Each structure stands twice: as C-alpha cells, then as structure tokens.
Amino acid sequence: MAEKPTYKELEKRLRQFKQAESERRRIEKDYQTLFREMLDGFALHEIICDEMGKPVDYRFLAVNPSFERMTGLKSQDIEGMTVLQVLPGIEPHWIETYGRVALTGEPAFFENYSSELGKHFKVTAFQPAPQQFACIFIDITDRKRAEEERIRLNADLAAKNTELEQMVYVASHDLRSPLVNIDGYSKELAFAINDLRSALADLPAADKAPELSSILDREIPEALKFIRASTSKMDTLLTGLLRLSRLGRAALKIEPLDMNKLIAIVIESTEFQIKEAGFELDVGELPPCRSDAVQVNQVFSNLLDNSLKYAEPKRPGLIRISGNVEGDRAVYCIEDNGIGMASDHREKIFEIFHRLQPSLYKGEGLGLTIVKRILGRLEGNIRVESELGGGSRFYVALPIVEK
Ligand code: ADP
C-alpha cells in the first residue's frame, strides 16, 4: 500500500501545481496576444466528413482579427458555423486540401484563389489536433494582380512585336518589286538615251537644237545616275529591314557554350582580313555561357568586323577579347584601338540605320541593331565604352552556365 504523503510533500506538490498553472496561464496569454496581434490571418477549424470518411465541410472554431480584416468575415458571425453555411460557393479544392491536412497530419503550403472572397491567399495549413486544422495565411491579391498584369503586358508586347515584324517583313518584301521596276526602267531609259544620241548624231548639224546635246549628254544621264544610286541604297535598306524582321523568327537552341571554341571559329572566318590589315589579336581565357551558338557567333562576328572596319589608320591595329564572370552573367569585352566615338553617340549607334561617318565607311548601320536585338532575345545585353580617337570597348553580357 502506498504511503500517505506527508504534509510537507503535499505543500511542495501544491506549490509545483500552482507554478505550472501560472506558467500555463502565461503561455496562454502569450498565445492569445500572438493570435490577436499577428499580421497573418489565423484560423482554427475542425473537419467534417461524410459517413465514408470523406471531408465534405469544415467548422470555424476560432479566427483572429487579421483573418477578419483579410476575409471580411466577422468572428461572431462565423465561429461555430461551417464553411458551406458561410461561403456556399467555396471551391472544392479548399475542403479537399484541408481535409487531407486534418486527417493525415501532413502540412500543406499553397497559393490559391477564393472566388467567394475575390482574393488570392498564400496559406500554410497544419494539424494541431486530430480532425482539426489550423491555417496561417496572407492576402497576396495585390501581388497576384501585379503578376497577372505583367504577364498580360508581356504577351501584349510580344504580340505587338510580332505584328511589327510582320509589317516590316511585308513592307520590305512588297516594296522590292516596284523598286526592281524603277531600276529596270531607268536602265531602259539609259539605253533609249543612247539610241536617241546615235540618231541625233546622224542628223545634219543645222537640224540639231544646241540645248539638246546638253540635255542628252549631261542632264538626263546625271538624273539617271541619282535614280540608280537611290534605288541601290533603298535596296540595301530593304535587305537590312528584311534581315532584321527575320531575326525574331529564328529558332533558338539554348545550351552551354564553350566560348573559347566559339570565338576561335569567329576569328577563323575573319582570319584573312585580320592578316591583310596587319592586326594584332589578343584573346584571353573566356568563361562559358548558356546561349545559342549561331546567334552568339553572329554577335561576335559583327563586333569583330566593326573593330576591323573602324581602325585608326595612324597606328597598328590591336583587338583584345577577354571575359569574366560577374554574378550570374558571363561578361565578354571586345576592345579595339580604332577611331572610337564621342560620348553622345554611344547609345545612338545601336539605333537602326544610325551611322556616324556614312561617307567614310561602307555599311548599312544595321550591325549593332542586330547585335542588340539578338542579345535581347538571349537575355543578354551590350554596352560600349569609347572615346573619340581612343578606341572602343564593347561589353557583351550573357547568362552563365549554372553549376
Ligand atoms: P555599320 O558598321 O554598318 O555602319 P553598325 O550598326 O555596325 O553599322 O555600327 C553603327 C555605327 O557605330 C557605325 O557606323 C560606326 O559609326 C559606329 N561603330 C560601330 N563599331 C565601332 C567601333 N568598333 N569603333 C568605332 N565606331 C564604331
């Protein structure tokens, strides 16, 4: 038989009991303060199942003020009620997900939309006791709306871009045939003038009007020369526009690229020009990147061509290619000691048909526009540092190969 506790022991146990009770009250008070003051919505529920044990509804046991603020539902109106009584149109996924948590004890983390409340929520649900579930949630409606708006604007932009590309394509394509006609008929006209000139040559001098020879020998041929020069220029522009409009349609194959190999291939195809122009070429060790080989080849071919083209004749040409990793980007620099450019031109050179010295150098003013366009598609970018007479450095950034 167990011995009766002494008075002292009873007193000790009572003290311990009182201490535990006061500790419990303190914890409960803390919990209630947290429940009341927390910014996240909090709600405790019990799950209601049908006779097969399938969750079909749930009852609100307690909700905090943040819950009331976020849902617009008041605790006195809903505590003790079931969700189907409060929100009859609630989507089945809420009851299914919460049912799983309350019955299995597996917590759930998810984002979902409630059409009844017209809001998006980010929810953490867990099982505090069998058949019960508690959720902590925040209202993410503003974030979701901003995200949806961003997606919509991006889709809009992509559609407008495609439309614009299509327009440029059709316009440049369709403008070519009248251009071919103008060019063809101006050639015919040149032949006709020659015939006219020969016919006139056979006439006796007295029958020739003196101003006729100036018209036939100078004015018409000169006008024809300008027409032919303009058609040829227009042809170049149309070809350029056509090339640009096709860029957006080229399929991309994104993969890890060994840039040492890729640049070696680019250099190989320009080797003759480099040797002929007596350029020194210095290529450093280049980090790999994740991109499309054909497009990246085009980028560096254009940049290398420009470095060769815009050389300063007074000094031996030098081109340096280097690269390193900066955060999540591989940044490559192609540097020349060529003619460079004044600071106010640095951004404009990427604009379509923008050329700084059109009379001195051949070109279409499209190379850098194409480069920028390609890099945009590859999630890369380009910037230039340059001084007039002091060479240029073009920096190309592309995504790195993730480890
Ligand atoms: P293009 O070379 O056909 O004119 P780009 O679009 O490639 O067209 O270049 C636009 C302009 O930028 C060039 O006309 C030139 O004035 C300037 N430019 C480009 N690359 C260089 C460079 N490496 N050094 C100096 N100027 C350059």
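Right above here is the structure, for reference.
These numbers were taken from a predicted model, which means no experiment stands behind them.

1. Quick look at the overall build of the chain
Now for step 1: Each helix and strand in the chain was counted, giving 10 helices and 12 strands.
Now for step 2: For the chain, whose C-alpha radius of gyration is 39 Å, the value lies well above the compact-globule estimate of 22 Å for 403 residues.
Now for step 3: Counting only C-alpha atoms, the chain reaches 155 × 50 × 40 Å along its principal axes.
Now for step 4: Buried positions account for 32% of the 403 residues belonging to the chain.
Now for step 5: Contacts spanning at least 24 positions in sequence make up 63% of the contacts within the chain whose residues lie at least 6 apart.
Now for step 6: Computed over 54 positive and 63 negative side-chain charges, the inter-centroid distance for the chain is 4 Å.

2. Focus: the sheet that holds strand β1 (residues 41-49)
Now for step 1: Across the sheet, 5 strands lie side by side as β2-β1-β5-β4-β3; this open sheet has antiparallel pairing. Looking at which strands have only one partner, the edges of the open sheet turn out to be β2 (55-63) and β3 (108-114). Pairs of neighbouring strands in the sheet enclose a mean axial angle of 35°, with direction left out of account.
Now for step 2: One ladder, built from 7 bridges, connects β3 with strand β4 (residues 119-126); its direction is antiparallel. Within the sheet, the bridge partner assigned to F110 lies in β4 and is V123.
Now for step 3: Relative to the sheet, helix α5 (residues 92-104) contacts β1, β2, β3, β4 and β5 (132-139), its axis offset from that of β3 by approximately 160°.

3. Quick notes on the site of the ligand
Now for step 1: As a matter of local geometry, the ligand sits amid 19 residues, with N306, Y310, D336, R355 and L368 nearest to it.
Now for step 2: One of the side-chain nitrogen or oxygen atoms of R355 is found 2.6 Å away from an oxygen atom of the ligand.
Now for step 3: Within the complex, the protein chains bury 97% of what would otherwise be the 530 Å² of accessible surface of the ligand.
Now for step 4: Cavity membership is defined here by more than half of the atoms lying within 2 Å of grid points; on that basis the ligand lies in the largest pocket.
Now for step 5: Secondary structure elements with two or more residues in the shell around the ligand: α9 (293-309), α10 (367-377) and β12 (392-399).

4. Digging into unusual backbone geometry
What you tend to see is this: most non-glycine residues have negative phi, and most peptide bonds are trans.
Now for step 1: Here the phi dihedral of Q131 falls at roughly 70°; this positive angle occurs in a residue that is not glycine.
Now for step 2: By the secondary structure assignment, Q131 is in the loop between β4 and β5.
Now for step 3: In the Ramachandran plot, F353 falls in the positive-phi region, its phi being about 60° despite a non-glycine side chain.

5. Some words on the side chain of N64
Now for step 1: Its location among the elements puts N64 in the loop between β2 and α2 (65-71).
Now for step 2: Here the side chain of N64 touches F35 through a polar contact of 2.9 Å, landing on its backbone oxygen.
Now for step 3: Every residue in contact with N64, bar those within four places of it in the chain, is listed here: F35, M38, D40, G41 and F42.

6. Observations regarding α9
Now for step 1: The end-to-end C-alpha distance of α9 is 24 Å, a good match for the 24 Å that 17 residues give at a rise of 1.5 Å each.
Now for step 2: Taken residue by residue, α9 has Q295, V296, V299, F300, S301, N302, L303, L304, N306, S307 and L308 as its buried positions.
Now for step 3: Two or three places before V294, at the opening of α9, D292 has a side-chain oxygen 3.1 Å from that residue's backbone nitrogen.

7. Focus: the pattern of salt bridges
Pairing between side chains becomes possible if they bear opposite charge and their charged atoms approach one another.
Now for step 1: Considering all chains together, one arrives at 23 salt bridges under this definition.
Now for step 2: D139 is the salt-bridge partner of K119, the closest N and O atoms lying 3.3 Å from each other. Within this pair, whereas K119 is found in strand β4, its partner D139 is found in strand β5, the two being separated by 20 residues in sequence.
Now for step 3: Look at K119 and you get partly exposed, because its relative accessible area is 23%.
Now for step 4: Using a relative accessible area of 31% as the deciding quantity, one classes D139 as partly exposed.
Now for step 5: Among the salt bridges present, the one from D217 reaches R197, with a minimum N-O distance of 2.7 Å. Of this pair, D217 sits in helix α7 (residues 210-247) while R197 sits in helix α6 (residues 141-201); the two residues are 20 residues apart in sequence, bridging distant segments of the chain.
Now for step 6: Residue classification places D217 among the partly exposed residues on the basis of a relative accessible area of 44%.
Now for step 7: On the basis of relative accessible area, R197 is assigned to the partly exposed category, the value being 29%.
Now for step 8: Each of E21, R24, R25 and E28 takes part in one network of salt bridges that share partners.

8. Things to note about empty space enclosed by the protein
Now for step 1: The final tally for this structure, using the stated rule, is 1 cavity of 30 Å³ or more.
Now for step 2: As a volume, the largest cavity reaches approximately 200 Å³.
Now for step 3: The wall of the largest cavity is formed by 18 residues, among which Y58, F67, W94, Y98 and L117 lie closest to the centre.
Now for step 4: Looking at the lining of the largest cavity, the elements that each hand over two or more residues are β1, β2, α2, α5, β4 and β5.

9. Looking at the packing of aromatic side chains
Now for step 1: Enumeration over the complete set of coordinates arrives at 14 aromatic pairs.
Now for step 2: Centroid distance F35 to F42: 5.3 Å. Interplanar angle 80°. Geometry classified as edge-to-face. The burial state of F35 is the same as that of F42; both residues are buried.
Now for step 3: Relative to F60, the ring of Y58 lies with its centre 5.9 Å away and its plane at 70°, an arrangement referred to as edge-to-face. As far as burial versus exposure is concerned, Y58 and F60 are alike and both buried.
Now for step 4: Three or more aromatic residues joined by ring pairs form one cluster here, namely Y58, F60, F67, W94, Y98, F110, F121, F133 and F137.

Conventions adopted
Residues numbered from 1 in each chain as written. Predicted model: local features only at pLDDT ≥ 70, side-chain atom pairs only at ≥ 80, totals over all residues. Heavy atoms only, no water. Helix = DSSP H or I, 4+ residues; strand = E, 2+ residues; numbered from the N terminus. Rg over C-alpha atoms; globule rule 2.2 N^0.38 Å. Buried < 20%, exposed > 50% of the residue type's maximum accessible area, 1.4 Å probe, protein only. Contact = heavy atoms within 4.5 Å. Lys, Arg positive; Asp, Glu negative; His and termini not counted. Charge placed at Lys NZ, Arg CZ, Asp CG, Glu CD. Pairing = 2+ DSSP bridges. Axes fitted to C-alpha atoms, helices over the stretch in contact; angles between N-to-C directions. Near = heavy atom within 4 Å. Polar contact = N/O pair within 3.5 Å; in protein donor to acceptor, adjacent residues only side chain to side chain. Areas by Shrake-Rupley, 256 points an atom, 1.4 Å probe, with all protein chains shown as cover. 1 Å grid on protein atoms, 1.4 Å probe; cavity = no way out; pocket = protein on both sides within 12 Å on 5 of 7 lines; lining within 4 Å. Sits in = over half its atoms within 2 Å of the grid points. Expected span 1.5 Å × (residues − 1). Salt bridge = Lys/Arg side-chain N within 4 Å of Asp/Glu carboxyl O. Points joined across faces, edges and corners; volume = space filled by probe spheres on them. Phe/Tyr/Trp six-rings, centres within 6.5 Å; stacked < 30°, edge-to-face > 60°.

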